[in-house]
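The residues making up each chain are set out below.
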Amino acid sequence: MADAGKNDIRVKPDRLHAFTAAICRADGSTTEEAKLVADHLVLANLYGHDSHGVGMMPHYIGNTTTGRCVRNHHALIARDNGAVIVVDGGRGYGQVIAKEAMEFGIDRAREHGVCVVGLVNSHHIGRIGHWAEQCARAGMVSTHWVNVHGHKSLVAPFGAAEARITTNPYCTAVPRKGREPVVLDFATSQVAMGKVRVANNKGEPMEPGLLIDAQGRPTVDPGTMYNAPYGAILPFGLHKGGGLALICDLLAGALTGGGTHSQRTIKPDGTDIINNMLSIIVDPAAMGGLDAFEDEVENFVTWIKSSKPQPGVPEVLMPGEPERARRIDRERNGVPIDPTTWAQLVETARKVRLNDTEIRDIAGV
Ligand code: NAD
């Protein structure tokens with residue numbers, strides 16, 4: 001998760017939301033679509049995942065302009081086998097498409113106890129935890145495997161000296177009775193590409209062990225991902241994480257029919273960003289029964305959280321807790337945005353013909 005840099009500006013979350021939604025609306029999105037996009041991106045910032053926050057807007061607007069992201073489009077069930085559905089996103093805004101795909105899946109899981117959703121051909125669906133949290137609010141356990149194609153490769157397979165896949169995120173959320181869910185949500189690369197973008201924007205080196213250069217040698221320079229000859233991000237967790245990254249492509253790309261990231265789907269200009277996602281949504285009531293499930297989850301969480309922390313670790317946390325702690329801080333103190341990202345956002349706002357007075361009035365900066 002990103003921390004605030006010394007030159008960052010702090011923007012109030014409600015202003016950031018209004019600014020993001022205003023850009024979307026000025027670009028031609030409906031009020032509802034603009035709200036969903038802003039809800040999603042600002043929440044990612046509040047949770048500390050700036051890589052998937054409002055900094056994505058220039059990319060999104062660039063893609064609506066070229067037709068790579070289709071405004072005001074809705075998800076469609078393309079194949080219907082009851083508890084197994086394929087949802088076609090038609091390149092619509094992922095913030096709309098994934099929400100609708102999860103709504104279909106949740107309804108089916110209520111009916112059948114489980115629904116396997118193959119979401120294909122959606123524009124970027126952002127922070128995957130957002131979709132798992134939607135399922136958790138409906139009382140569902142869900143697990144999500146995601147691949148990305150349309151742009152160049154970013155991540156080296158385990159042992160490879162060149163990129164062949166992308167940052168393929170994996171997410172599982174487990175709802176808790178009367179409490180926030182457990183949400184494990186991460187890229188299977190050492191870091192999400194957006195974090196390399198943020199470091200590159202800030203002109204800061206990355207930690208060792210995350211990147212390799214074009215010759216396959218370790219580097220800390222985020223510029224290796226932006227300047228040819230390109231390097232690659234390493235997968236997390238050696239052969240185990242590297243294996244999980246490949247499974248994401250096989251499940252989200254091959255099993256759903258959406259296509260893996262390969263020479264068939266790569267577009268060298270690097271601006272397209274299509275997500276496919278295999279989601280398995282399970283109603284706990286259909287398994288061991290709701291009461292037993294909720295009781296066992298609380299038992300387990302209590303057991304884990306009561307473990308003795310390592311020296312220097314204040315508290316053992318469940319996945320999802322760091323994001324919620326970050327949110328409290330950012331709700332109070334504002335969302336930190338680095339100057340390069342802010343300049344890109346203002347430029348994007350001007351591009352959709354918001355003038356500087358409107359920008360200042362809406363963003364409050
Ligand atoms: P990350 O490395 O910050 O890991 C986040 C996960 O680890 C969270 O579940 C968090 O709660 C948990 N965690 C972190 N610290 C913890 C601690 N001390 N104790 C317990 N749990 C802890 O995440 P990332 O890999 O940088 O991914 C960031 C976001 O990028 C994710 O939301 C992911 O979905 C998104 N992403 C999306 C795409 C896409 O194509 N749409 C691609 C890649 C990543």
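Residues numbered from 1 in each chain as written. Predicted model: local features only at pLDDT ≥ 70, side-chain atom pairs only at ≥ 80, totals over all residues. Heavy atoms only, no water.

A. Quick look at the nonpolar core. By size, the foremost hydrophobic cluster in this structure holds 34 residues, and its most contacted members are Leu16, Phe19, Ile23, Met57, Tyr93 and Trp342. Counting residues per element, the ones that place at least two in this core are α1 (13-26), α2 (31-46), α3 (57-66), β12 (335-337), α10 (339-351) and α11 (356-363). Counting residues per element, this core draws most heavily on α2, at eight residues. If near-sequence neighbours (up to four positions away) are discounted, Tyr93 is found in contact with Cys24, Ser29, Glu33, Val37, Tyr60, Ile61, Thr64, Cys69, Val70, Arg71 and His123. If you look at the next biggest cluster of nonpolar residues, it comprises 24 residues, including Ile97, Leu119, Cys135 and Ile281. (Core = buried A, V, L, I, M, F, W, Y, C linked by side-chain atoms within 4.5 Å. Buried < 20%, exposed > 50% of the residue type's maximum accessible area, 1.4 Å probe, protein only. Helix = DSSP H or I, 4+ residues; strand = E, 2+ residues; numbered from the N terminus. Contact = heavy atoms within 4.5 Å.)

B. View of the pattern of salt bridges. Tallied over the entire structure, the rule returns 17 salt bridges. Note that Arg71 and Asp27 form a salt bridge whose closest N and O atoms lie 3.0 Å from each other. Taken together, the residues span a long stretch of sequence, with Arg71 in the loop between α3 and β2 (76-80) and Asp27 in the loop between α1 and α2 at a distance of 44 residues. Under the relative-accessibility criterion, Asp27 is labelled buried at 11%. Between Arg350 and Asp356 there is a salt bridge, with the nearest N and O atoms lying 2.8 Å from each other. Judged by its relative accessible area of 38%, Arg350 falls in the partly exposed class. Using a relative accessible area of 35% as the deciding quantity, one classes Asp356 as partly exposed. (Salt bridge = Lys/Arg side-chain N within 4 Å of Asp/Glu carboxyl O.)

C. View of the site of the ligand. As a structural note, the neighbourhood of the ligand is formed by 23 residues, with Asp185, Ala187, Lys195, Gly320 and Glu323 the closest of them. A distance of 2.8 Å separates an oxygen atom of the ligand from a polar atom in the backbone of Ala187. Protein coverage of the free-state accessible area of the ligand, which is 870 Å², stands at 80%. Listing elements by their share of the shell around the ligand, those giving two or more residues are β7 (179-187) and α9 (321-333). Ranked by the residues each element gives to the shell around the ligand, the list is headed by β7, at five residues. When its residues are assigned to classes, the shell around the ligand shows 12 nonpolar, seven polar and four charged. (Near = heavy atom within 4 Å. Polar contact = N/O pair within 3.5 Å; in protein donor to acceptor, adjacent residues only side chain to side chain. Areas by Shrake-Rupley, 256 points an atom, 1.4 Å probe, with all protein chains shown as cover. Nonpolar A, V, L, I, M, F, W, Y, C, P; charged D, E, K, R; others polar.)

D. Inspection of the domain arrangement of the chain at higher detail. Assigned domains of the chain: these are domain 1 (1-66 + 334-365) and domain 2 (75-189 + 235-318). Here the C-alpha centroids of domain 1 and domain 2 sit 25 Å apart. Tallying the contact residues gives 19 residues for domain 1 and 16 residues for domain 2. Interface area, domain 1 with domain 2, both sides summed: about 1,500 Å², of which 64% is carbon and sulfur. At the surface where domain 1 touches domain 2, the tally comes to zero salt bridges. Elements supplying a minimum of two residues to the side of domain 1 that touches domain 2: α2 and α3. In terms of residue count, the dominant contributor to the side of domain 1 that touches domain 2 is α2 (eight residues). Per-class residue counts for the side of domain 1 that touches domain 2 are 10 nonpolar, seven polar and two charged. (Domains from an automatic or database assignment. Buried area = accessible area lost by both parts, 1.4 Å probe.)

E. View of the environment of Leu317. Relative to the helices and strands, Leu317 is located in the loop between α8 (290-305) and α9. C-alpha separation for the pair Leu317 and Lys305, spaced 12 residues apart in sequence, amounts to 6.5 Å. Excluding anything up to four places from it in sequence, Leu317 contacts Lys305 and Pro322.

F. Quick peek at the sheet that holds strand β4 (residues 114-123). Taken together, the seven strands give an open sheet; going across it, the order is β2-β3-β4-β11-β5-β6-β7, and neighbouring strands pair in mixed fashion. Taken across any chain shown, the strands that pair with only one partner, and hence form the sheet edges, are β2 and β7. When strand polarity is set aside, the average angle formed by the axes of neighbouring strands in this sheet is 15°. Bridge analysis of β2 against strand β3 (residues 84-88) gives four bridges, and the strand direction is antiparallel. Looking at the pairing, Leu76 lines up with Asp88 of β3. Lying over the sheet, helix α4 (residues 94-112) contacts β2, β3, β4, β5 (141-149) and β11 (274-282), oriented at roughly 165° with respect to β4. (Pairing = 2+ DSSP bridges. Axes fitted to C-alpha atoms, helices over the stretch in contact; angles between N-to-C directions.)

G. Main features of the side chain of Asp338. Inspection of the secondary structure assignment puts Asp338 in the loop between β12 and α10. A polar atom in the side chain of Asp338 sits 2.6 Å from the side chain of Thr341. The residues touching Asp338, leaving out its near neighbours within four places in the chain, are Asp8, Val198, Asn201 and Lys202.

H. Seen up close, the packing of α1 against α10. Taken N-terminus to C-terminus, the directions of α1 and α10 make an angle of 40°; their axes are 9 Å apart at the nearest point. Taken together, α1 and α10 sit at an angle that is classed as oblique. Here the hand of the crossing between α1 and α10 comes out left-handed. Packed against α1, whose contacting residues are Leu16, Phe19 and Ile23, the element α10 presents Trp342, Leu345, Val346, Thr348 and Ala349 at the interface. (Parallel < 35°, antiparallel > 145°, perpendicular 65-115°, else oblique. Left-handed = near helix turned anticlockwise from the far one by under 90°.)

I. Just the sheet that holds strand β8 (residues 211-212), in detail. Within the open sheet, the three strands sit side by side as β9-β8-β10. Their pairing is antiparallel. At either margin of the open sheet sits one strand with a lone partner, and together these are β9 (218-219) and β10 (232-233). Sheet topology note: the β8/β10 ladder contains two bridges and is antiparallel. Across the sheet, residue Ile212 finds its bridge partner in β10, namely Ala232.

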